[in-house]
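# Architecture at a glance
Given next are the chains, with one letter for each unit.
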Amino acid sequence: MLAEAPPAAGAAGAAALIAPHAGYRYSGRVAASAYAHLADGRGRPRRVVVLGPAHFVPVPTVAVPAVTAFVTPLGTVPVDTRMCDRIVDLGLARRTDEPHMPEHSIEVQIPFLQRTLGVGWELVPIVVGAAGEQAVANVLDVLVGEGMLVVCSTDLSHYLTLEQARARDLRTAAAIVARDVEAIGLRDACGAAPLRGLLRWAGQQELVVDQLDLRTSADTAGDPARVVGYGAFVVRRCRSGPPGGRGTALPSW
């Protein structure tokens, strides 16, 4: 999927990626279009903060794990326990493994990171609850600096018809590019809380968001009567879109 992804320009300017987290046969190629921004090795991060919504275990705001590593078939990724300790000590996060154990939204991002970054980086995995938007922005204020990348894991609309999903996802994608936090509701993205928190922080930092890909499960491997939407975006430190602090929305489908 990475080999088939469109080549990415300006990879060194990526501060964050927004990528879907469904099964790879459904959303993997959309996710790969985001991770292509890491593939050439320029500006390789030493730490990656992965924000994923809590699908199974309720979380009041945000939670980091107590474990010291995540393991996939591609190998072991160490958790940056020092950074996790820091946000826990500041009262910005809870430490608990319970919401991380069944959660796929973070784990499906890790193999893409392993393939593009190789070894020598550490993971800061953060599960985000429905009320965690401001906590995400606060955590990013504390954590993000040189040598750190943020990945926000979210799908878009869920279980609409193909036509309904495309219309809703186009509106959501436009809101993401415009960093319009208030235009993104809970039914627009399953990771609305981490997404809104990331965009709130990006607005404060005057970062630019570019759309990379926008599809549905019907465009990949699913039934057009009941689809899930997927989008890929890059948040840049350097301006690549038109003037005015906004990024680029590309034609979709």
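All residue numbers here refer to positions counted from 1 along the written sequence of the relevant chain. Selection of residues for local features in this predicted model requires a pLDDT of at least 70, selection of side-chain atom pairs for listing and counting requires 80 or more, and totals for whole chains, interfaces and linings are taken over all residues. The side-chain figures draw on all heavy atoms in the structure; neither hydrogens nor water molecules are used.

## Thoughts on helix α4 (residues 110-117)
- Exposure classes here rest on a 1.4 Å probe applied to the protein chains alone. A residue is buried below 20% of its type maximum, exposed above 50%, and partly exposed in between. Secondary structure is summarised from DSSP: a helix means a run of H or I of at least four residues, a strand means a run of E of at least two, and numbering begins at the N terminus for each. Summarising burial for α4: 7 of the 8 residues are buried, a large majority.
- Residues of α4 that are buried: Ile110, Pro111, Phe112, Leu113, Gln114, Thr116 and Leu117.
- Immediately beyond the C-terminal end of α4, within one or two residues, lies Gly118, with a positive phi of roughly 70°.

## A few points about the packing of helix α5 (residues 133-143) against helix α7 (residues 192-204)
- Viewed as axis vectors pointing N to C, α5 and α7 meet at an angle of 45°, and their least axial separation amounts to 7 Å. Classified by the angle their axes make, α5 and α7 are oblique. For the pair α5 and α7, the crossing hand works out as right-handed. For the pair formed by α5 and α7, the contact residues are Glu133, Gln134, Val136, Ala137, Leu140 and Asp141 on the first element and Ala193, Pro194, Arg196, Gly197, Leu198, Arg200, Trp201 and Gln204 on the second.
- Looking at side-chain class alone, the contact of α5 with α7 contains 7 nonpolar, 3 polar and 4 charged residues. Whenever a helix is involved, its axis is fitted only over the stretch in contact; in every case the axis is a line through C-alpha atoms, and angles between N-to-C directions fall within 0 to 180 degrees. Put simply, angles under 35 degrees are roughly parallel, angles over 145 are roughly antiparallel, angles from 65 to 115 are roughly perpendicular, and the rest are oblique. Should the near helix be turned anticlockwise from the far one by less than a right angle, the crossing is left-handed, and should it be turned clockwise, the crossing is right-handed. Two residues qualify as a contact provided that any one of their heavy atoms is within 4.5 Å of a heavy atom in the partner residue. When residues are grouped by polarity, Ala, Val, Leu, Ile, Met, Phe, Trp, Tyr, Cys and Pro land in nonpolar, Asp, Glu, Lys and Arg in charged, and all others, Gly among them, in polar.

## Observations regarding the packing of aromatic side chains
- Each aromatic pair joins two rings of Phe, Tyr and Trp (for Trp, the six-membered one) with centres within 6.5 Å, and gets the label stacked for planes under 30 degrees apart, edge-to-face for over 60, and tilted for any other angle. Tallied over the full model, the rule gives 2 aromatic pairs.
- Summarising the aromatic geometry, the rings of Tyr24 and Phe112 are spaced 5.4 Å apart at their centres and angled 75° between planes, so their arrangement reads as edge-to-face. A residue pair is termed long-range when its members are at least 10 positions apart, and Tyr24 in helix α1 (residues 24-35) and Phe112 in helix α4 qualify at 88 residues.
- Since its relative accessible area comes to 7%, Phe112 is described here as buried.
- With a centroid separation of 5.0 Å and 0° between ring planes, the pair formed by Tyr35 and Phe112 is classed as stacked. Of this pair, Tyr35 sits in helix α1 while Phe112 sits in helix α4, and the two are 77 residues apart along the sequence.

## Regarding the pattern of salt bridges
- The rule for a salt bridge is simple: a side-chain nitrogen of Lys or Arg has to be within 4 Å of a carboxyl oxygen of Asp or Glu. Counted by the stated rule, this structure contains 11 salt bridges.
- A salt bridge links Asp85 to Arg95, with the shortest nitrogen-to-oxygen separation between them at 2.3 Å. Of this pair, Asp85 sits in helix α2 (residues 81-89) while Arg95 sits in strand β6 (residues 94-95), and the two are 10 residues apart along the sequence.
- One salt bridge in this structure joins Arg215 and Asp213, with 2.9 Å as the shortest N-O distance.

## Looking at the confidence of the model for the protein chain
- Every residue gets a pLDDT, meaning the predictor's confidence in that residue, from 0 to 100. Scored by pLDDT, the protein chain has a mean of 91; 91% of the residues are at 70 or more.
- Contacts from residues 240-245, a stretch scored under 50 in pLDDT, to residues over four places away or in other chains number 12 contacts.

## Quick look at unusual backbone geometry
- In the Ramachandran plot, Tyr159 falls in the positive-phi region, its phi being about 60° despite a non-glycine side chain.
- Here Tyr159 lies in strand β9 (residues 158-160).
- Backbone geometry at Glu206 places phi at a positive 55°, although glycine is not the residue there.
- The residue Glu206 is located in the loop between α7 and β10 (208-216) in this model.

## Some words on the side chain of Ser217
- By secondary structure assignment, the location of Ser217 is in helix α8 (residues 217-220).
- Every residue in contact with Ser217, bar those within four places of it in the chain, is listed here: Tyr26, Gly222, Arg226, Val227, Val228 and Tyr230.

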